[in-house]
Amino acid sequence: MNKAVNDGVWSGSWVAQRLGVELLGDPGLTDLLGLALRRNPKRAHLLVSNVLGKHVPQSPSVVYGHGFTLGRRVRELLGTQESRRAVVLGYAETATGLGHAVADGIALAPYLHSTRRPVPGVATAGGFEESHSHATSHLLLPENPALLSGEGPLVLVDDEFSTGNTVLNTIRDLHARYPRRRYVVVALVDMRSAADAGRLDEFASEIGARVDLVAAASGTVSLPTGVLEKGQELVARYESESAGSGSRPSAAPSRLGAQFPAPLKDKAAAAAPDASAETTPSIETTPSPNPLGARGTARPTPTDPHPKNNRVTQVDIRWPKNLPDGGRHGFTPGHRIRLETALPAMAARLAAALPEDAHRVHILGFEELMYAPLRLARELEQIVDAGVTYSTTTRSPVLAVDDPGYAIRTRLTFPAHDTPADGPGDRYAYNIAGAGFDAVVAVIDDTADTPELHAPDGLLARLAEHTPHVVLAVIPSYVPERPAMLPDPLRGPAFSSYAPDEVGWLLQDLSDVTLEAPTEEREEAIQSGGAHYAESLPVEYQPSEQYQQLFHTALDEAADRLALAVGAVTELVLAERSPHPVLVSLARAGTPVGVLMRRWAQHRHGLDLPHYAVSIVRGRGIDANALRWLAAHHDPADVVFVDGWTGKGAITRELTEAIREFEESDGITGFDPEIAVLADPGSCVRTYGTREDFLIPSACLNSTVSGLISRTVLRSDLVGPHDFHGAKFYRELAGADVSVDFLDAVAARFPEVSDAVTVLAKELLAADRTPTWEGWAAVERISEEYGIHDVNLVKPGVGETTRVLLRRVPWKILARAGAGADLDHVRLLAEQRGVPVEEVAELPYTCVGLIHPKYTRGATGADGRAVAV
């Protein structure tokens, strides 16, 4: 840890000696904090953190490491499951970067920080007051307000806690609208008095919630009687002397370049200077007509500032498209993954813009924009030979005194260069002047890249007075373009006959819209090119009593086999994909399988896995809004797409291409397009329970085995650009619903197959499961042999053949010679529809359904539209 010392003197000793202020508490407290003075009617002193990266230049690894370590402590406190449900809230402006780092330490928590910059078009989801701050009003502007309305723990992060008022105001405001059972307060230092500390416990009891506290160090500030008045008098006197001089002081330049970061020194060396030796504060060449207002004090310009050699260069670091620059509107685990991936290349571009002989480089962030500059600085620190430090500008006016025992040695003052809610005013950069930096890299967002930034008295010009090289990196300020919130998933019993915890449907309810059309009429529209198959629904097949009996017989006979495959594929997912996967089934055939996998994880491992159902449409791809919702609520790397079975692998290819397009359009990465399936007869995926083509009874029926949910719908007049795809809930078919019966019958066999699953999972994990795509090759061969010449009209496997018979106008069915009970339902359906069943020797699938344009106007190709005759 780097100690807050200057030339062997504690950087709080100047204030301590003159005001009698003491820091009492943990031994490491003075390593973390120094002291300064400010004009404030409620508090004269300022605790200046040496590891926050705000006022004091510090190694970015030290700054990030403190926040990350606090996040790890929060994760240990909450446990893995609760950490997954946590949301982190940081405070503007000082703790925005610290809160980010805490969220990183927790690892799976989305992050949001308050802001003092209103953003047009973004609704305010809350706000609170920070009574002792220079700028008091905080806004909460999440892109997804669900960040604030969840039931998991809320982690509140600030740099210090002196009274607890800010935290109480925040919790009071949020708890009234979004009550939670648990809050965690995080700070670098907890400096509350004993009386203030007790208020949190009382407040927690009052609202009926648990409130924990995590801090790197704790203590109190001992303030003698009259300290506020004495401090204000001291500030006024030094301001008056600075304003009255109107010129540079004759004192020798300070040795800031050797001080930040400072080495750990023995506390005995940190004796306070002689109080009688009053130190003249640093001043600017132009005195302030308004002390500590329009102009403040700063390090004097060096005797030879080399103005002709000073230059400002701008570098495009190529910030990833649509990646938020910080947590003003929310920063998800998916965003974090994208940033980690992009950082090395961005830091390399920064390094290339630095002078080759630079030995000391400083990265200067901008007010609330702390995290992005910090991460860039930390990455730069790893790849350049120069020493790298980091700090940010601030709106808080603090007296600067050029004394080793004072935390704020110099101050640069410049006009605000963004559009703050409280109007224009001065901004400050501390301890930069006189520090001997060879280059300063200013990292700002494009909202702040204004004429004021480039003005003769602007930030860039002020920096150029004190370093030979100024580099400007502008990051696009993220503004949400989509609606602030996608709706919560639909759940039973309001939507579907599944229990609400079994699956959340990322769909919109179109139950009141008439979408069904007779098969021939529907396919006529598709054939004519006037409609896509996903724009309407087939009339739901109503099974005969004989067919229903076949279903129940098949379920009874296949339950053990199904349970074994469910267990095996779930074990593969847990072993290879994620120890805490988010199951995302492809509606609707994949949904019963997703529910069963979730039940197996509960049965075998006691896991409560999230499970959602999303829509994917051939030729249109996966529902991008559903992916956005998933990325906002979960780590995309944990998402495992689930389907019932593979045929020739068309959906596997569709999903791969859809994810690629989504990454390009939204810049969100991390989703793995490989599907986990119960059966993979087409050899299209690596994650499966079996590669045998056997009857999965859920394929025998439509909605009545899938929670009474229709196939998904995508039609422009019903589904807008910011809507989930649609589907219907057939409540009227409740009397014929066997959805839960199917699940219960398979889950009841879990105990019986448990040992067999263990053996099978080990075999599969050790086997070469590389997809061979032999199913696709077989389909191509069949297409040519039967004169079809279009693989999209060949539907291989029991499941796909059943779909042909239930929803299309089939030409003929190919059945493997000797296939038994697995095809009883297929033979019955074929008989009812007058479709011939042709037995074929050495068929790679148990059966194949064929469609031919010659015999139906409804055959559709890969794009979902008709194939011409």
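Summary of the structure given here. These figures come from a predicted structure and were not determined experimentally.

Scoring rules and cut-offs
Residues numbered from 1 in each chain as written. Predicted model: local features only at pLDDT ≥ 70, side-chain atom pairs only at ≥ 80, totals over all residues. Heavy atoms only, no water. Buried < 20%, exposed > 50% of the residue type's maximum accessible area, 1.4 Å probe, protein only. Helix = DSSP H or I, 4+ residues; strand = E, 2+ residues; numbered from the N terminus. Pairing = 2+ DSSP bridges. Right-handed = clockwise from strand over helix to strand, strands pointing away. Contact = heavy atoms within 4.5 Å. Axes fitted to C-alpha atoms, helices over the stretch in contact; angles between N-to-C directions. Polar contact = N/O pair within 3.5 Å; in protein donor to acceptor, adjacent residues only side chain to side chain. Parallel < 35°, antiparallel > 145°, perpendicular 65-115°, else oblique. Nonpolar A, V, L, I, M, F, W, Y, C, P; charged D, E, K, R; others polar. Salt bridge = Lys/Arg side-chain N within 4 Å of Asp/Glu carboxyl O. 1 Å grid on protein atoms, 1.4 Å probe; cavity = no way out; pocket = protein on both sides within 12 Å on 5 of 7 lines; lining within 4 Å. Points joined across faces, edges and corners; volume = space filled by probe spheres on them. Phe/Tyr/Trp six-rings, centres within 6.5 Å; stacked < 30°, edge-to-face > 60°. Lys NZ or Arg CZ within 6 Å of the ring centre and 35° of its normal.

### Some words on the pairing of strand β28 (residues 639–645)
Step number 1: Taking burial as the measure, the 7 residues of β28 include 7 buried ones, the bulk of the element.
Step number 2: Where strand β24 (residues 582–586) meets β28, 4 bridges bridge the pair, whose relative direction is parallel. Looking across to β28, one finds that Val 582 is bridged to Val 639.
Step number 3: Bridge analysis of β28 against strand β29 (residues 675–679) gives 4 bridges, and the strand direction is parallel. From the neighbouring strand, Trp 645 faces β29, where its bridge partner is Ala 679.
Step number 4: Crossover handedness for the path β28 to helix α18 (residues 650–666) to β29: right-handed.

### A look at the sheet that holds strand β20 (residues 504–505)
Step number 1: In spatial order, the strands read β20-β25-β24-β28-β29-β30; together these 6 strands make up an open sheet with parallel pairing. The outermost strands of the open sheet, each flanked by one partner alone, are β20 and β30 (687–690).
Step number 2: Taken together, the 4 bridges between β24 and strand β25 (residues 611–614) define a ladder with parallel strand orientation. Bridge pairing in β25 links Val 584 to Tyr 612.
Step number 3: Helix α15 (residues 545–577) contacts β28, β29 and β30 of the sheet and is inclined by roughly 155° relative to β30.

### Considering the sheet that holds strand β13 (residues 311–315)
Step number 1: Strand order in this open sheet of 5 strands is β13-β19-β18-β14-β15, and the pairing throughout is parallel. Pairing within the sheet leaves two strands with one partner each, and these edge strands are β13 and β15 (387–392). Sheet twist, expressed as the average angle between the axes of neighbouring strands with direction ignored, equals 20°.
Step number 2: By the bridge criterion, 6 bridges tie strand β14 (residues 360–365) to β15 in an arrangement that is parallel. For Gly 365, the partnering residue across the bridge sits in β15 and is Thr 392.
Step number 3: Across the face of the sheet, helix α10 (residues 333–353) comes into contact with β13, β18 (439–445) and β19 (469–475) while running at roughly 155° to β13.

### Side note on helix α17 (residues 624–633)
Step number 1: Among the 10 residues that make up α17, 8 are buried, leaving the element largely enclosed by the rest of the structure.
Step number 2: Listed as buried for α17 are Asn 625, Ala 626, Leu 627, Arg 628, Trp 629, Leu 630, Ala 631 and Ala 632.
Step number 3: Summarising the contacts, the buried residues of α17 are in contact with α10, β24, β25, β27 (621–622), β28 and α18.
Step number 4: If you check the start of α17, you find a side-chain oxygen 3.0 Å away from the backbone N of Asn 625, and it comes from Asp 623.

### Structural notes on the packing of helix α7 (residues 165–177) against helix α8 (residues 194–207)
Step number 1: Orientation of α7 relative to α8, taken along the N-to-C sense of each, is 10°, at an axis distance of 11 Å. On the basis of their axis angle, the class for α7 and α8 is roughly parallel. Contacts between α7 and α8 involve Asn 165, Val 167, Leu 168, Ile 171, Arg 172 and His 175 from the former and Arg 199, Leu 200, Phe 203 and Ile 207 from the latter.
Step number 2: Grouping the amino acids of the contact of α7 with α8 by side-chain chemistry returns 6 nonpolar, 2 polar and 2 charged.

### Some remarks on the pattern of salt bridges
Side chains that carry opposite charge are capable of pairing whenever their charged atoms lie near each other.
Step number 1: Across all of its chains, the model carries 32 salt bridges by this definition.
Step number 2: The shortest N-O distance in the salt bridge between Arg 117 and Asp 445 comes to 3.1 Å. In this pair, Arg 117 sits in the loop between β7 (111–113) and β8 (126–129) while Asp 445 sits in strand β18, placing the two residues 328 residues apart along the sequence.
Step number 3: Overall, Arg 117 belongs to the buried group, its relative accessible area being 6%.
Step number 4: Judged by relative accessible area, which is 0%, Asp 445 ranks as buried.
Step number 5: Here Arg 599 and Glu 502 are joined by a salt bridge, their closest N and O atoms 2.6 Å apart. One end of the pair, Arg 599, is in helix α16 (residues 590–605); the other, Glu 502, is in the loop between β19 and β20, with 97 residues separating them in the sequence. Each member of the pair, Arg 599 as well as Glu 502, carries the same accessibility label: buried.
Step number 6: Bridged by salt links that share partners, the residues Lys 54, Glu 93, Glu 367, Arg 395 and Arg 427 form one connected network.

### Focus on the layout of surface pockets
Step number 1: Counted as a void, the largest pocket has a volume near 1100 Å³.
Step number 2: What lines the largest pocket is a set of 34 residues, among which Arg 84, Arg 85, Pro 610, Tyr 612 and His 634 lie closest to the centre.
Step number 3: A per-class count over the lining of the largest pocket returns 15 nonpolar, 8 polar and 11 charged.

### A short note on the packing of aromatic side chains
Given two aromatic rings, one states the distance between the centres and the angle between the planes to describe the pair.
Step number 1: The full count for this structure, using the stated rule, is 11 aromatic pairs.
Step number 2: On the numbers, 6.3 Å between centres and 10° between planes, the contact of Tyr 498 with Trp 505 is stacked. In terms of burial, Tyr 498 and Trp 505 fall into one category: buried.
Step number 3: These aromatic residues form a ring-pair network of at least three members: Phe 495, Tyr 498, Trp 505 and Phe 729.
Step number 4: Against the face of Tyr 64 rests Arg 375, its NZ or CZ located 4.7 Å from the ring centre.
Step number 5: Across the ring face of Trp 773, the terminal group of Arg 653 is positioned such that the distance to the ring centre comes to 4.6 Å.

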